[in-house]
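# Understanding the architecture of this molecule
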Amino acid sequence: MKSLRFGRFVMGIALFLFGVCFLSGSYARPKPADSGYHLLKTVSLPPAPGGGEYYDYISVDPEARRVYVSHGTEVVVLNADDDTVVGKIEGLNRCHGIAIARDLGKGFISDGDSKPGATVQEVVIFDLKTMKVTGRVSTGQLDTDAIIYEPVTKKIFSFNGDSHNTTIIDAVKESVITNLDLIGKVEFPAVDGKGMVYDNNPEKNDIVAIDARTNTIKSRWPTAPEGNPTSMAIDQKNRRLFSGGRGPQFVVMMDADTGKVLQSYPISAGVDANAFDAGTGMLFVATREGMMHIYHEDSPDKLSEVEAVKTEYGAKTLQVDPKTHNVFLSTSDFNPPAAPTEKQPHPLATAKPGNFHVLVYGR
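Every chain is numbered independently, its residues counted from 1 as its sequence is written. Owing to the predicted nature of the model, reporting of local features is limited to residues with pLDDT of at least 70; listing and counting of side-chain atom pairs is limited to 80 or more, with chain, interface and lining totals taken over all residues. Only hydrogens and water are set aside; all other atoms, that is, all heavy atoms of the structure, feed into the side-chain values.

The next subject is the pattern of salt bridges. Any two side chains of opposite charge can pair if their charged atoms end up close together. We define a salt bridge as a side-chain nitrogen of Lys or Arg found within 4 Å of a carboxyl oxygen belonging to Asp or Glu. Overall, the coordinates contain 19 salt bridges when judged by the stated rule. Between Asp162 and Lys185 there is a salt bridge, with its nearest N and O atoms 2.5 Å apart. Taken together, the residues Asp162 in the loop between β11 (155-160) and β12 (165-170) and Lys185 in the loop between β13 (175-181) and β14 (189-191) connect sequence positions 23 residues apart. The cut-offs for exposure are 20% and 50% of the maximum accessible area for each residue type, with area from a 1.4 Å probe on protein chains only; residues under the lower value are buried, those over the upper are exposed, and the others partly exposed. For Asp162, a relative accessible area of 33% corresponds to the partly exposed category. The partner of Asp272 in a salt bridge is Arg246, with the nearest N and O atoms 2.6 Å apart. One end of the pair, Asp272, is in strand β22 (residues 271-277); the other, Arg246, is in the loop between β19 (240-245) and β20 (250-255), and 26 residues separate them in sequence. On the accessibility criterion, Asp272 (4% relative accessible area) is buried. The exposure class of Arg246 is partly exposed, given its relative accessible area of 27%. Within the structure, one salt-bridge network assembled from shared partners comprises Asp61, Glu63 and Arg102. Labels follow the DSSP assignment, with helices taken as runs of H or I lasting at least four residues and strands as runs of E lasting at least two, numbered in each case from the N terminus.

If you want it as structure tokens, here you go:
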């Protein structure tokens, strides 16, 4: 009997130690050191023509040292080194994203509204040196929103949210090639630099992989545990996609060849943009709630959570400068949310006109 009790005691100790080791291996990961990112500067910008307040994506041209900031009816261009305004691209309707094609000397701006009956749905082309508008290509697709340049095929892809498709444009000839149905609402894209384009589909909870050479869908990959995927960035060297979702609120790291989800982390509400800094291995995720989640790619299969930096409410879009490693976000002051209604039970706060500003974070 004593021998039996002793055996049970030893077995219990062994199971306890196994459990401790299992928990340690699964959950108790040493927290990486803080990134050190903090607010360096706030750049206040005057109201855009036309009144109201609207802003969307930010793009960085590291070679030209320019930061392109979407702001309603204009794109404001900042000097990436001293944050001064060096120019504006005006005469827009409701601009969203800015795609840079340095090899062509051109920039492309998606300009469209999601309101029924909106008449302007187009891609505006400008000269990178002069910042002057040189052309316009009509997409004819409601909610012409996110935009990206694919350098291998020299094509522009505008992602038209409410139209559930992408307009593919010949960036050299400045003409529409086709509209590709993506079967569900679309959001922000990424390119791998080798002819593939990836786009979030929040309606289908998946990522669509598009072959730019053939203008066809190659694959569709579910993003679970992330839902309503919205923001996107890519590590082109290691072929890793980083997608952020609004419900369930997660950021996932995915294999860009197989679609396998490798890691995921919970994030705050209202994600709208991701940026990956290949020089530091840092991933930045911005949310409407006013948080900048920062992660580090320790290896192609391991993403570590570094910290969450409090920014400002509404600072949901960002971009990183790969030279200085500074991060640019944009936001405004906000009015309190309207009273809930049956049609809109969870109304969001609305931006106050005349309070738009850019936040510059660095180490």
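Another aspect to go through is the sheet that holds β11. Strand pairing is defined by DSSP finding a minimum of two bridges between the two strands. Read from one edge of the open sheet, four strands run β10-β11-β12-β13, paired in antiparallel fashion. Of all strands in the sheet, those bounded by a partner on one side alone are β10 (144-150) and β13. Neighbour-to-neighbour, the strand axes of the sheet open up by a mean angle of 25°, direction not taken into account. Where β12 and β13 come together, six bridges link them in antiparallel fashion. Counterpart to Thr166 in the pairing with β13 is Leu180. Helix axes are fitted only over the stretch in contact, all axes being lines through C-alpha atoms; the angle between N-to-C directions runs from 0 to 180 degrees.

This brings us to unusual backbone geometry. What you tend to see is this: most non-glycine residues have negative phi, and most peptide bonds are trans. Of note, the bond from Ala224 into Pro225 is cis; its omega dihedral lies within 30 degrees of zero at 15°. Mapped onto the secondary structure, Pro225 falls in the loop between β17 (216-222) and β18 (229-235). Of the consecutive residues Gly247 and Pro248, the connecting peptide bond is found in the cis state with omega at -5°. Following the sequence through the fold, Pro248 ends up in the loop between β19 and β20.

What follows concerns the side chain of Asp255. Looking at the secondary structure, you find Asp255 in strand β20. Contacts described as polar in this section are N or O atom pairs within 3.5 Å, which, within protein, must combine one atom able to donate a hydrogen with one able to accept it, while residues neighboring in sequence count only if both atoms come from side chains. At a separation of 3.4 Å, a polar atom in the side chain of Asp255 contacts the side chain of Arg240. Contacts were defined at the residue level, with two residues in contact if any of their heavy atoms lie within 4.5 Å. Those residues in contact with Asp255 that lie beyond four places of it in its chain are Trp221, Arg239, Arg240, Lys260 and Leu262.

Time to look at the nonpolar core. Grouped together as the largest cluster of nonpolar side chains are 26 residues, with contacts concentrated most on Phe157, Phe159, Val197, Tyr198, Ile210 and Leu241. Looking at this core, the elements that each hand over two or more residues are β10, β11, β14, β15 (196-201), β16 (206-211) and β18. Considering every element that reaches this core, the biggest residue donor is β16, with four residues. For Phe157, the contacting residues outside a window of four places in its chain are Ala146, Ile147, Ile148, Glu150, Thr166, Thr167, Ile168, Val197, Ile210 and Ala212. Only buried residues count toward a nonpolar core. Its members are Ala, Val, Leu, Ile, Met, Phe, Trp, Tyr and Cys residues joined through side-chain atoms within 4.5 Å. Counting residues in hydrophobic clusters, the runner-up holds 16 residues, among them Tyr37, Ala275, Met292 and Tyr361.

What follows is about the sheet that holds strand β25 (residues 302-310). In space, the four strands of this open sheet follow the order β22-β23-β24-β25, with antiparallel pairing throughout. Here the strands that pair on one side only, and so sit at the sheet edges, are β22 and β25. Direction aside, neighbouring strands of the sheet carry axes that sit 20° apart on average. Across six bridges, the pairing between strand β23 (residues 282-287) and strand β24 (residues 291-299) is antiparallel. Looking at the pairing, Phe284 lines up with Ile294 of β24.

Another point: the packing of aromatic side chains. For Phe, Tyr and Trp, rings pair up if their centres lie within 6.5 Å, where Trp contributes its six-membered ring, and each pair is then called stacked (planes under 30 degrees apart), edge-to-face (over 60) or tilted (otherwise). Under the criterion given, the structure shown has nine aromatic pairs. Between the aromatic rings of Tyr55 and Phe356, the centroid separation amounts to 5.5 Å while the plane-to-plane angle is 45°, which identifies the pairing as tilted. Of this pair, Tyr55 sits in strand β2 (residues 55-61) while Phe356 sits in the loop between β29 (350-351) and β30 (357-362), and the two are 301 residues apart along the sequence. Per residue, the accessibility class of Tyr55 equals that of Phe356, and both read buried.

Relative to the helices and strands, Lys204 is located in the loop between β15 and β16. Residue Lys204 is classed as partly exposed on the basis of its relative accessible area of 43%. Measuring from C-alpha to C-alpha, the distance between Lys204 and Phe284 comes to 24 Å, with 80 residues separating the pair along the chain. Those residues within four positions of Lys204 in sequence are excluded, and the remaining contacts are Ile183, Gly184 and Arg220.

Purely geometric stuff here, so don't read any function into it on its own.
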